[in-house]
Amino acid sequence: MNFDPFIIPFSVGATFLFVWLFGKLFGWIYTLPKRDQKKLQRHVFSFRILRTFGEIVRECLLHFRLFRINALLGYMHASLAAGWFLLIIFGTVESKVQSGKAFNMPYDPIFYRFFNHAPAHTIQLQTLSFLMDTFLLLVLSAVVFAWFKRLRSKWFGMRRTTRQSRVDRVALTALWLVFPLRFLAESATGAIYGNGDFFTGILGRASESDAVFRMIEYPAWWAYSISLCGFFVLLPFSRYMHIPAEIILVTFRRAGIGHLRRFSAFADIEVESCSRCGVCIDTCQLQKDVDIREVLPVYFLRSIRERDTNEKGASKCLVCGKCAQACPVRIDVNNQRIVQREEFNSNKNFQPLHFEKAQYSGGGKIGYYAGCMTHLTPSIKLAMVKILLAAEADFVFLDQEGSLCCGRPMLLAGEFNGAAAIAMRNEKLIKDCGIETLITSCPICLKMFSEEYQLNIPVLHHSQYIEQILEENKITLNLNRSSYTYHDPCELGRGLGIYDAPRSILTKAGKLIEPDLVRKHAPCCGGSIGSVNLTHAEKKAVTTIAIGKYVETHADILVVSCPLCKKTFVGPNKIKVMDIAEIVADRCEK
Amino acid sequence: MGKDVLIIGGGIAGMEASAYLSAMGYQVTLVEKANELGGHLLRWERLFPTQRHGKEVLSFLHCGIDGKIRVIKNAEPVAAVTRDDLHIVTLSTGEVITANAVLITTGYKTFDASRKEEYGYGIYNNVVTSADLEEMFSSGKEMLTSSGIVPRRVGFIHCVGSRDEKVGNIYCSKVCCVTAVKQAIELKERLPYAEAFCFYMDLRMYGMHFEELYKEAQEKHGVQFIRGRLSEAAENQDHSLLIKVEDTLTGRPLKMKMDLLVLMVGFEPSDGTQKMAELFHLETGSTRFLKMADEHTSTNVSSVQGVFLAGTCSAPRTITSTITDARAAAAKITSYLSQYSIEQREN
Ligand code: SF4
Ligand code: SF4
Ligand code: SF4
């Protein structure tokens, strides 16, 4: 058995880490609701687990999504993760081949060169030794890139980078030391015994005498072991916890486990999976336009993890989802946010709900639901009535006399019980009308209807309905020379993935000029009901900057498909703002 | 003396300041964008609190425009430069005017009510603004709704486009409360059987006799005052309006039917005012009105030397206060051009 006292730090660190991680994993699984435990069990023992492995390789090792964001960034992460992983795998194989035993000490591969001085004598060992040097070179290149990123983050596609906490910085230092020290230790041993490969042999070949190497060899192996120990011990408390957590997250997600209406094991795993890569930072308008950084997922998730109160981060956020769509780990930040809001709400005393005596009218196959926001922009609802009449639809205006709220504002504020009560009541009112299809002008209502209600009938946004009747030739548009630019509302676009219907209508109505940022990259108008307490001045700053991009297109009209976006954008602007329904109503012919 | 003063904007402030400066011996040029002097006064039938005719005040102002004042109509400044304390201003007619002092009297415009879409202006026919109502009054025609009936219930909505952070105007426009009271009384005088309601946030009856007018409206004419802000208006089949208001005294939401809705639109800096701010590089405050050098002691002084302010280009004002402000500006310009020592007080 190979042994030297310097393996002790490594072994202590590694043991600690394994115990900790298994404890964590056990805790997570233990606190899952029964139903989710079953899901996990079924997933792990099915063929679907292979796809999960696939995703783990793609995302946790090769970092495909990061490559898509920026090639340098992708390379940096992938070469470190995959390089290290390969070092472990091939190191294990190498040590087993060399010793000829299936079982050897777990630290053998880590300190292989120290214990095995004989040069590789078989073709297998030569190949392995060559590969090991290649992987080490790969990992070291990642460290060089990481250094370089500190100096030139723009090259990595990032304007701003994460401000690291103290423990992160210490862990980072330990990590950055591991591989140069390994290189040094292996090179020293290589120089003395002449067994270094093309890379670890460089130093030996470059110098005549091995006196210096004899002096540094032993301390270098110690330092290597200590830095590994430092990294392992700090891992659970630093951003590097994302390495194991992300693997678990991918598995849980693929098993169909998601957020609950409270801080759950799943939420905790997401929080631990944030690598603090900082990709989300540049996407956030609150950060860019009004310099509010507490909301940024990278810091917001960190404050959850460290149990810091970050009420500003929880409440100011627009819940626009721009950061979430950029996150390479696919963390569901919006749900994290509202769950945290619930935590802040629980010690506040909300007034009991005041239900208006809403009454909906039935008597048609299609029900048109304007929603409270659309009642504040009456030209949209009038336009929709005109369109429905022109299409000779058998329709009824459900909430003509005023609507009960859909419940989404309360849901977004983390008031889950209140939201559920409203939703239940509203759902019943709608069901009692006996309609077969529901159309709404409000993406906020639409999101709520499709995700929280059990209406069991098709629910459409008015843009989808209009697209449909245009295709069926129930109405036609007379084309004119107007040019349009289109704003993707957060709830309709990122929230529900409806991007094409409005565009297909607009290309039929005139010329569509797209701004720089479209679809999932489109800005938030700034008026989002998602923010609990953003001030008017802050909202206005966001709105002004957002609308500026549309003005730059020189289109005649800025088209939106959300009453709230319309209300937010209308003002003393250089561009006219209209809802897509108004555009269609103006040009529609039977 | 032979010094030249250029006055931009021939409304109330511009006319009154011209009269004073000319009387004091300065060579005054008054530039007006429209083809008639008088500004908003041309459109106000009667004035609060006296119910006096707007025309009377206008003819008083006209008396001040003597033969010595050079009035240029249908023109506006398009460029301005300053050289050695002289302001060289190019007009849209191509003429170049050199002046020792410039007075900005470009005034206000009323808030574009269609920006509060939930109130339905420009969408529903029976929603009008206070300015529209004034025109209906002065046209002398019979008051009818769009469906041709005599309105029986008329709602006056206060603070439309004022005291409203959402539209970006946080200030009070000062005149609309009392204008609503005045217009409600006039309505009742014309249509005694109609009911009139004022929906207000709080009533600002700050001027002399305003409170009396308010009492008269309640006691003599039975105008009803409801504290609450309109949340939305919808149109009924018969083109009457269904309005939703929260009564903030009882804390209950109200739904009411109205035949006519009058929106008391507030003040915003006029397009001319905004343009002059650009042309002369004048600072504007957070409200976008032109900034006074000091809110107490230098209300007529702008942020640029030799350029002065009068009237509603710097803040919402009543007609009375606009006239006083114009005279104060005339005095200020005189002290500046004569280099009175009072100018030194600030240093
Ligand atoms: S939330 Fe996502 S994008 Fe933001 S730092 Fe964490 S992992 Fe990166
Ligand atoms: S949801 Fe929007 S506002 Fe909130 S942190 Fe993400 S990008 Fe910023
Ligand atoms: S004067 Fe009255 S109506 Fe006008 S803005 Fe002030 S409070 Fe509102």
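Chemist: Explain the overall build of chain B to me, please; I cannot follow it from the model alone.
Modeler: Helices and strands together make up the secondary structure of chain B, namely seven helices and 19 strands. Taking 20 Å as the expected radius of gyration for a compact globule of 347 residues, we find that chain B reaches 22 Å, a close match to that expectation. In terms of overall dimensions, chain B has C-alpha extents of about 65 × 40 × 35 Å along its principal axes. By sequence separation, contacts in chain B at least 24 residues apart represent 64% of the contacts at least 6 residues apart. With an accessible surface of roughly 15,500 Å², chain B has 50% of that area assigned to carbon and sulfur atoms.

Chemist: Looking at this model, I keep getting lost on the overall build of chain A. Mind explaining?
Modeler: Helices and strands together make up the secondary structure of chain A, namely 27 helices and 10 strands. When its C-alpha atoms are laid out on the principal axes, chain A stretches across 95 × 50 × 45 Å. In chain A, buried positions account for 56% of the 590 residues. Of the accessible surface of chain A, which amounts to about 26,500 Å², a share of 60% is contributed by carbon and sulfur atoms. Averaging the locations of the 70 positively and 53 negatively charged side chains of chain A gives two centres separated by 1 Å.

Chemist: I keep staring at the packing of aromatic side chains and nothing clicks. Help me out?
Modeler: The description of two aromatic rings rests on the distance between their centres and on the angle between their planes. Here the structure, examined in full by the defined rule, presents 45 aromatic pairs over all chains. Geometrically, the ring pair formed by Phe145 of chain A and Phe156 of chain A is edge-to-face, given 6.4 Å between the ring centres and 85° between the ring planes. Of the two residues, Phe145 of chain A is situated in helix α7 (residues 123-151) and Phe156 of chain A in the loop between α7 and α8 (166-193); the sequence distance between them amounts to 11 residues. Assessed through its relative accessible area of 0%, Phe156 of chain A is described here as buried. Ring centres of Tyr214 of chain B and Phe225 of chain B lie 4.8 Å apart, and the angle between their planes is 90°; on these two criteria the pair is classed as edge-to-face. One end of the pair, Tyr214 of chain B, is in helix α5 (residues 210-219); the other, Phe225 of chain B, is in strand β14 (residues 224-235), with 11 residues separating them in the sequence. The exposure classification of Tyr214 of chain B matches that of Phe225 of chain B, with both residues buried. One cation-aromatic arrangement involves Arg261 of chain A over Phe416 of chain A; the distance from NZ or CZ to the ring centre is 5.2 Å.

Chemist: Can you help me understand the interface of chain A and chain B in this one?
Modeler: How big an interface is tends to be stated in terms of the accessible area lost upon association of its parts. The interface is formed by 18 residues belonging to chain A together with 13 residues belonging to chain B. For the pairing of chain A and chain B, the buried interface totals around 1,400 Å² over both sides, and the portion due to carbon and sulfur atoms is 52%. The three residues of chain A that bury the most area against chain B are Leu376, Pro378 and His536 of chain A, which together make up 31% of that side's buried surface. One can count two salt bridges joining chain A with chain B. Across the pair Lys567 of chain A and Glu118 of chain B runs a salt bridge whose closest N-O atoms are separated by 2.3 Å. At the junction of chain A with chain B, the criterion picks out five residue pairs in polar contact (both at pLDDT 80 or more). Secondary structure elements with two or more residues in the side of chain A that touches chain B: α19 (378-390) and α26 (563-569) of chain A. Of all the elements, α19 of chain A adds the most residues to the side of chain A that touches chain B, at five residues.

Chemist: Would you mind showing me how to read the site of ligand 2 here?
Modeler: Close to ligand 2 lie Cys284, Leu286, Val295, Pro297, Cys317, Leu318, Val319, Cys320, Gly321, Lys322, Cys323 and Arg337 of chain A, which account for all nearby residues. Considering only residue class, the shell around ligand 2 consists of nine nonpolar, one polar and two charged.

Chemist: What's the story with a nonpolar patch on the surface in this structure? I'm lost.
Modeler: Residue and element names in this part refer to chain A. Taken together, the side chains of Met1, Phe3, Ile8 and Val12 make up a nonpolar region of the molecular surface, amounting to roughly 460 Å² of accessible area. With respect to the helices and strands, Ile8 occurs in helix α1 (residues 7-31). Taking the relative accessible area as the measure of exposure, Ile8 reaches 43% and is therefore partly exposed.

Chemist: Sorry if this is basic, but what is going on with the site of ligand 3 here?
Modeler: Around ligand 3, the neighbouring residues are His158, Cys159, Ser162, Arg163, Cys172, Ser173, Lys174, Cys176, Cys177, Asp202 and Arg204 of chain B. Split into classes, the residues belonging to the shell around ligand 3 amount to four nonpolar, three polar and four charged.

Chemist: Before we go on, may I ask you to explain the confidence of the model for chain B in this structure?
Modeler: Predicted coordinates in areas of low pLDDT are best not read in detail. Residue and element names in this part refer to chain B. Per-residue pLDDT for chain B has a mean of 93; in total, 98% of the residues score no lower than 70. Of all helices and strands in chain B, the one with the weakest mean pLDDT is strand β3 (residues 46-47) (88), whereas strand β9 (residues 101-104) scores best (98). Interface predicted TM-score (ipTM) for the complex: 0.80; the corresponding pTM is 0.87.

Chemist: Sorry, what's going on with the nonpolar core here?
Modeler: Nonpolar side chains in soluble globular proteins generally cluster together in the buried interior. Phe111, Ile430, Phe449 and Tyr465 of chain A are the most contacted members of the largest nonpolar core, which has 166 residues in total. The contacts of Ile430 of chain A, once residues within four sequence positions are left out, are Tyr360, Tyr369, Leu398, Ile435, Leu438, Phe449, Tyr453 and Leu455 of chain A. Core analysis: the next-biggest nonpolar cluster, separate from the first, contains 35 residues, Phe48, Phe137, Val178 and Ala184 of chain B among them.

Chemist: Can you walk me through the sheet that holds strand β2 (residues 27-31) of chain B in this structure?
Modeler: In a beta sheet, neighbouring strands pair by backbone hydrogen bonds and run either parallel or antiparallel. All names here are of chain B. Overall, parallel pairing links the five strands, which are arranged β5-β2-β1-β9-β19 in an open sheet. Each edge of the open sheet carries a strand with a single partner, namely β5 (70-72) and β19 (307-309). Sheet twist, expressed as the mean angle between neighbouring strand axes with direction ignored, is 20°.

Chemist: Is there a simple way to explain the sheet that holds strand β8 (residues 557-560) of chain A in this structure?
Modeler: All names here are of chain A. The four strands lie next to each other as β7-β6-β8-β9, forming an open sheet whose pairing is parallel. Across the chains shown, the open sheet's two edge strands, defined by having one partner strand only, are β7 (511-512) and β9 (576-579). In this structure, β8 lies alongside β9, joined through four bridges in parallel fashion. From the neighbouring strand, Ile557 faces β9, where its bridge partner is Lys576.

Chemist: How do you make sense of a positive patch on the surface when you look at a structure like this?
Modeler: All names here are of chain A. Together, Arg51, Arg58, Arg68, Arg330 and Lys520 give the surface a local cluster of positive charge. With respect to the helices and strands, the residue Arg51 is situated in helix α3 (residues 48-61). Take Arg51: its relative accessible area is 59%, and that puts it in the exposed class.

Chemist: Looking at this structure, how should I read the environment of Asp36 of chain A?
Modeler: Tracing the sequence through the fold places Asp36 of chain A in helix α2 (residues 34-44). Between the alpha carbons of Asp36 of chain A and Gly196 of chain A there is a distance of 51 Å; along the sequence they are 160 residues apart.

Chemist: In this structure, what is going on with unusual backbone geometry? I would like to understand it.
Modeler: Omega for the bond connecting Phe48 of chain B with Pro49 of chain B falls within 30 degrees of zero, at -10°, which places this linkage in the cis form. Mapped onto the fold, Pro49 of chain B is located in the loop between β3 and β4 (52-53). Even without being glycine, Arg276 of chain A reaches a positive phi, approximately 55°. On the secondary structure map, Arg276 of chain A appears in the loop between α12 (265-273) and α13 (285-290). Arg276 of chain A sits in the buried class, given a relative accessible area of 4%. Unusually for a residue other than glycine, Lys174 of chain B sits at a positive phi of about 70°. Along the chain, the position of Lys174 of chain B falls in the loop between β12 (153-160) and α4 (176-190).

Chemist: Teacher, can you tell me more about the side chain of Ser403 of chain A here?
Modeler: All names here are of chain A. Mapping Ser403 onto the fold places it in the loop between β2 (395-397) and α20 (408-412). Owing to a relative accessible area of 10%, Ser403 belongs among the buried residues under this scheme. A distance of 3.1 Å separates the side chain of Ser403 from the side chain of Asp399, its partner in a polar contact. In contact with Ser403, not counting residues within four places along its chain, are Tyr360, Tyr369, Gly371, Cys372 and His375.

Chemist: I keep staring at the pattern of salt bridges and nothing clicks. Help me out?
Modeler: When the charged atoms of two side chains lie near each other, side chains of opposite charge can form a pair. Evaluated as defined, the whole model comprises 49 salt bridges over all chains. Here Glu232 of chain B ties to Lys244 of chain B by a salt bridge, and the two come within 3.9 Å at their closest N and O atoms. Separated by 12 residues along the polypeptide, Glu232 of chain B in strand β14 and Lys244 of chain B in strand β15 (residues 241-247) bring together distant segments of the chain. Ionic contacts of the salt-bridge type, sharing partners, join the residues Glu55, Glu59, Arg65, Arg253 and Arg254 of chain A into one network.

What counts and how
Residue numbers restart at each chain and count upward from 1, following the sequence in its written direction. By the order in which they are written, chains take letters starting at A while ligands take numbers starting at 1. Reporting of local features is limited, given that this is a predicted model, to residues whose pLDDT is at least 70; pairs of side-chain atoms are given and counted only at 80 or more, and all residues count toward the totals for whole chains, interfaces and linings. Each side-chain value is derived from all of the structure's non-hydrogen atoms; neither hydrogens nor water enter the calculation. Per the convention used, a helix needs a DSSP run of H or I reaching at least four residues, while a strand needs a run of E reaching at least two, with both numbered from the N terminus. Radius of gyration here uses only the C-alpha atoms, and the compact-globule reference equals 2.2 Å multiplied by the residue count raised to the power 0.38. Note on contacts: a residue pair qualifies if any of its non-hydrogen atoms lie within 4.5 Å across the two residues. Areas reported as accessible are Shrake-Rupley estimates using a 1.4 Å probe. Residue values count occlusion only from the protein chains shown. Burial here depends on accessible area, computed with a 1.4 Å probe over protein chains only, as a share of the maximum for the residue type. Under 20% is buried, over 50% is exposed, and the range in between is partly exposed. We treat Lys and Arg as the positive residues and Asp and Glu as the negative residues; His and chain ends play no part in the count. We put the charge of a Lys on NZ, of an Arg on CZ, of an Asp on CG and of a Glu on CD. Stacked, edge-to-face and tilted labels apply to pairs of Phe, Tyr and Trp rings (six-membered ring for Trp) whose centres lie within 6.5 Å, assigned for plane angles under 30 degrees, over 60, and everything in between, in that order. Criterion for a charge above a ring: Arg CZ or Lys NZ at most 6 Å from the ring centre, at most 35 degrees from the ring normal. By definition, the buried area sums, over both parts, the 1.4 Å-probe accessible area that each loses when the two are put together. Each salt bridge in this description consists of a side-chain nitrogen of Lys or Arg and a carboxyl oxygen of Asp or Glu lying within 4 Å of one another. In protein, a polar contact requires one atom able to donate a hydrogen and another able to accept it; more generally it is a pair of N or O atoms within 3.5 Å, and residues adjacent in sequence count only if both atoms are side-chain atoms. Think of it this way: one heavy atom of a residue within 4 Å of a molecule or strand is enough to make that residue near it. Under this grouping Gly is polar, as are all residues other than the nonpolar Ala, Val, Leu, Ile, Met, Phe, Trp, Tyr, Cys and Pro and the charged Asp, Glu, Lys and Arg. In this analysis, a patch consists of residues with relative accessible area above 30% that form no salt bridge, clustered at 9 Å for like charges and at 5 Å for the nonpolar side chains Val, Leu, Ile, Met, Phe, Trp and Tyr. Per-residue confidence from the predictor is given as pLDDT, running between 0 and 100. Residues enter a nonpolar core if they are buried and are Ala, Val, Leu, Ile, Met, Phe, Trp, Tyr or Cys, with the set joined through side-chain atoms within 4.5 Å. Paired strands, as defined in this entry, are two strands with at least two bridges between them according to DSSP. To get an axis, fit a line to the C-alpha atoms, keeping to the stretch in contact for a helix; angles then go from 0 to 180 degrees between the N-to-C directions.

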